[in-house]
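Descriptive structure summary
What follows is the residue order along each chain.
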Amino acid sequence: VRVAFFTDCMFVKDTYEKGPEHSSSGWFVYAGVWREIWRLACDIGMDNIEVTWIPAHTSAKAQK
């Protein structure tokens, strides 16, 4: 199963790419949320998830 996740938040994409070691400790912003994301991502399989950043406030036509 391949999961595509689209976000207009570069923070989300960058954090996902850096992995759980970067974002799971208590000092990290939203660490509790990220720990839950990593738990679910492990269930799906990290290699089965693709996170793509898209510009905010633009039309689909402008993104091509």
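Residues numbered from 1 in each chain as written. Predicted model: local features only at pLDDT ≥ 70, side-chain atom pairs only at ≥ 80, totals over all residues. Heavy atoms only, no water.

Things to note about the packing of aromatic side chains
Within the structure shown, the criterion is met by four aromatic pairs. Each ring, one from phenylalanine 11 and one from phenylalanine 28, has its centre 6.0 Å from the other, and the planes form 10 degrees; the classification is stacked. A residue pair is termed long-range when its members are at least 10 positions apart, and phenylalanine 11 in helix H1 (residues 10-18) and phenylalanine 28 in the loop between helix H2 (20-23) and helix H3 (31-44) qualify at 17 residues. Accessibility expressed as a relative area gives 36% for phenylalanine 11, which makes it partly exposed. Taken together, a centroid distance of 5.0 Å and an interplanar angle of 25 degrees make the contact between tyrosine 16 and tryptophan 38 stacked. Pair noted here: tyrosine 16 is in helix H1 and tryptophan 38 is in helix H3, with a separation of 22 residues, a long-range link. Judged by its relative accessible area of 13%, tyrosine 16 is buried. Residue tryptophan 38 is classed as buried on the basis of its relative accessible area of 4%. (Phe/Tyr/Trp six-rings, centres within 6.5 Å; stacked < 30°, edge-to-face > 60°. Helix = DSSP H or I, 4+ residues; strand = E, 2+ residues; numbered from the N terminus. Buried < 20%, exposed > 50% of the residue type's maximum accessible area, 1.4 Å probe, protein only.)

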